[in-house]
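Here is how the chains run, residue by residue.
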Amino acid sequence: MSRMVMVMIVALMVALYLTILNVKHPLIGMEVVENNNGDVIVNDIYEFGWAKKHGIHLHDQVLKVDGKPPLSHFTVRKYNTIEQVKTITIQRENKIRTFTIDDTSHGIEQWLYYIALPTGFFLFAVSLSMFLLRLRLNDQSATVLIYFLLLAGLCYISASLSAKYVPFGRYMFNAIFLQLPAVFLHFVYHYFEREKKGWFTKKIVLSLYSFNFVAFVISLSHLLSEAEVLLATFLINIGTILALLGKGWVYLKKDDQQHTVKGLLLAIGLSAAPFVLFYSLPVLIIGKWVLPAELTVTSLFVLPSVFLYLICTDRLFRLPFSINRFVYYAFLSLLPAFLVTLLYAKFVNEARRLVELALLFLLIYGINILALYSKGYFDRTLRTKLYVQKDCYQESIYRIGETLKKQKNMREVIQCLEKEVREVLDIENLAFVQAIRSMQAPFHCDEKEWTKLTKKMDGQPLSIGKLIENKRLFAVFVGSFRQGPLLLIGKKKHPIPFRSEQKDWLSTIVYYGSVTMENMVKVEDLIKELNHVKQRRNSIWLTRLIFQWSEKERRKLAIDLHDTILQDLIVLKRKVESLRFQNMRMEEMKKQLNYIEEEIVDMIDVTREICYELRPPFLSQIGLEEAIVQLIQRFQLRANIKIEWNVHLSAKLEEERELAIYRMIQELLNNAMKHSQASYIQLTLEVQNEEVQLHYVDNGIGIDIEKLNHCDGKLGLFGIKERVQGLGGTFKMTSQLGKGLDIRIAIPL
């Protein structure tokens, strides 16, 4: 961890130094050439530079740079451009004018493109890196990703200095720009190797590092055009990465990690596409860009944004964390706010001042965050009520799942399924039928086509959700119920086979409906059986249930007696036998008898505790409050845990509720003593708003909620939850590893 912190500190210091250099050196943006007479003439003017804003024209003659001949300045001599100067003397026709360039010579576009945007991107990258560092300290793939994000931020800042031909910034930009794709591929390799789903070897990564290093050396040697070497190498790198990610997308076609590969493809594609399509390729092919690099590289903000999205949606690293919704929306809103502000400044009103653009950005930024909040709200409240359009299969599955919860009988479930199929699929007729063999078509259709469909159904075993098609007709097996097999029969408007996603959708909603109807049938049978129990002297299933429950309780009681009282009695018997055959003095005999008496008292306490477990004596004797107080006092004798409690019940409860509350507190305290490793517990029980409210808090090791959800109800906490739900109450549990346990229970009176 200390090494990564040092790396981040160094990166921050380098970024600060680069930003200071950026502020110190405005972009002049003048390319010059020496004519046959030895004069230095303005050959080109960059649209974002100082020269463009201060009326420098093509073919103006440069007389002096910083009071000296132009060719004495190193950028003129080496790069045929004028940068990093304080004064420039220009001659146009017979007029001579000297211009002064200082720290205030930055135009609004320079402040935006060369300082504000790179700094904002770097801070975005650093924030995401700190987030990863805090959550994944020992993960090598996360470490490489942090390096990638920091290098990307430094690359963006140093690009501005490279355009100004500052040597330190230029060399740093060239080195990072060439190696950045290799670092990204290095991260991809480590991440999928950790998941044991890699599809390319480390040799490819090392080869890319070596290739880019050679390209960097060539760029320094000036054997070829520096810009062409950088752009060509970058295109080769991007092509390699996209090809490997495309291969991974195919390789992981039936794996959940395919979503991660898709996200990485999106990150690289969207962030690099504008720079490649509108700058790199045009410069290499026709020698002229379509859009300036300053505009195209703003898409680099997509990169950390997609990474943030993948992390927050649990598709990258699968981290056990939660992020504040406002922070998440604020991050997502940065990119569109930047882009809209840039487009407005570029194409709508170029004369905007920096303050006005800043206010415009804040306004758009706030609107974006508000829109995301509104979308989240409407998604939660209106999702099940919105009309499901055709082909929106995922929305339909969610809607049918929510709607099926509200149905009360099989008829309503069938109507719900029928409505959904008619809305989503292009259906002419639809019907549910209860037979297979020798049945008539439920609606008008071609008899030959119907006969072929029934033969297909007779000729193969049917499973729930099984779809059988024959031109315009189709059938789906829903399940077998009291009246026999139930099928969904439909007639399409056109003889076009269903697509794979339509088949999957239809099978899924039919399966949902089948499970719902099957549960309804079981509930109806159970209710009927319970209604007849009173009329029967013997009920087989009820008898079996009672005996199973009785045997379970007997087994638990036997274990408790065997492990406690029985073992103590055996030891006590041996001590008494040893006294019989030992010759000892009366004082020693009394001492041994005192020990035996103490052990008998302990056994009495254990027996009393078991009796308390079996039947707490509060229902008709001491009341619930006093019983809970005694329970807490006994707990404090057995456990070295400080407990603060406030038990106050202002209303008389039913016996069932009293027993349930007592058992809940008993289970919570047992859980604390056996598992929580807590040193402090706070327990509150009171009556408010016509509810009995129980609040339990400890400072123990906490629980991994995700793992707890996969325990199939075997833990005592699930028993508490089931008791609460059985009484019509609510159960809310909050916990994180290392941060204790918080449980709130509310039971209506």
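Heads up: the structure comes first, above all this text.
Source: prediction; values computed, not measured.

**Some remarks on the overall build of the chain**
Phase 1: Each helix and strand in the chain was counted, giving 24 helices and 15 strands.
Phase 2: In the chain, which comprises 749 residues, the share counted as buried stands at 43%.
Phase 3: Sequence separation of at least 24 residues holds for 63% of the intrachain contacts in the chain that already meet a minimum separation of 6.
Phase 4: Surface summary for the chain: the accessible area is close to 42,200 Å², and the carbon and sulfur share equals 57%.

**Focus: the packing of helix 6 (residues 167–194) against helix 9 (residues 258–286)**
Phase 1: For the pair helix 6 and helix 9, the least separation of the axes is 12 Å and the interaxial angle reads 170°. One finds that helix 6 runs roughly antiparallel with respect to helix 9. Contacts from Phe 177, Phe 184, Phe 187, Val 188, Tyr 191 and Phe 192 of helix 6 reach helix 9 at Thr 260, Val 261, Leu 264, Ile 268 and Phe 275.
Phase 2: Residues belonging to the contact of helix 6 with helix 9 are distributed by class as follows: ten nonpolar, one polar and no charged.

**Concerning the sheet that holds strand 7 (residues 427–433)**
Phase 1: Sheet architecture is open: four strands sit in the order 7-10-9-8, paired in antiparallel fashion. The open sheet terminates on both sides in strands that have one partner only, identified here as strand 7 and strand 8 (467–470). This sheet shows a mean twist of 20° between the axes of neighbouring strands, independent of strand direction.
Phase 2: Alignment of strand 7 against strand 10 (residues 484–492), held across six bridges, turns out to be antiparallel. When the bridges of strand 10 are listed, Val 433 appears paired with Leu 487.
Phase 3: Contacts from helix 15 (residues 410–424) reach strand 7, strand 9 (473–481) and strand 10 within the one sheet, and its direction differs from that of strand 7 by about 160°.

**Here we look at helix 22 (residues 655–676)**
Phase 1: A rise of 1.5 Å per residue sets the reference length of helix 22, with its 22 residues, at 32 Å; its end C-alpha atoms lie 30 Å apart and thus fit the reference within 8%.
Phase 2: Gln 677 sits one or two residues past helix 22 and shows a positive phi near 60°.

**A closer look at the pattern of salt bridges**
Phase 1: Enumeration according to the criterion identifies ten salt bridges in this entry.
Phase 2: Salt-bridge contacts for Asp 60 lead to Arg 92; the nearest nitrogen and oxygen are separated by 2.9 Å. Here Asp 60, found in the loop between helix 2 (50–53) and strand 3 (61–65), pairs with Arg 92, found in strand 5 (residues 87–92); they are 32 residues apart in sequence, far enough to count as distant.
Phase 3: Arg 92 gets classed as partly exposed once you look at its relative accessible area, which sits at 32%.

**What to know about the nonpolar core**
Phase 1: Residues Phe 187 and Phe 307 are the most contacted members of the largest nonpolar core, which totals 88 residues.
Phase 2: Of all the elements, helix 6 adds the most residues to this core, at 15 residues.
Phase 3: Within the second largest apolar cluster, 37 residues are counted, among which are Ile 632, Met 664, Ile 703 and Ile 745.

Cut-off values and rules
Residues numbered from 1 in each chain as written. Predicted model: local features only at pLDDT ≥ 70, side-chain atom pairs only at ≥ 80, totals over all residues. Heavy atoms only, no water. Helix = DSSP H or I, 4+ residues; strand = E, 2+ residues; numbered from the N terminus. Buried < 20%, exposed > 50% of the residue type's maximum accessible area, 1.4 Å probe, protein only. Contact = heavy atoms within 4.5 Å. Areas by Shrake-Rupley, 256 points an atom, 1.4 Å probe, with all protein chains shown as cover. Axes fitted to C-alpha atoms, helices over the stretch in contact; angles between N-to-C directions. Parallel < 35°, antiparallel > 145°, perpendicular 65-115°, else oblique. Nonpolar A, V, L, I, M, F, W, Y, C, P; charged D, E, K, R; others polar. Pairing = 2+ DSSP bridges. Expected span 1.5 Å × (residues − 1). Salt bridge = Lys/Arg side-chain N within 4 Å of Asp/Glu carboxyl O. Core = buried A, V, L, I, M, F, W, Y, C linked by side-chain atoms within 4.5 Å.

Everything listed here is a matter of geometry and, on its own, says nothing about what the molecule does.
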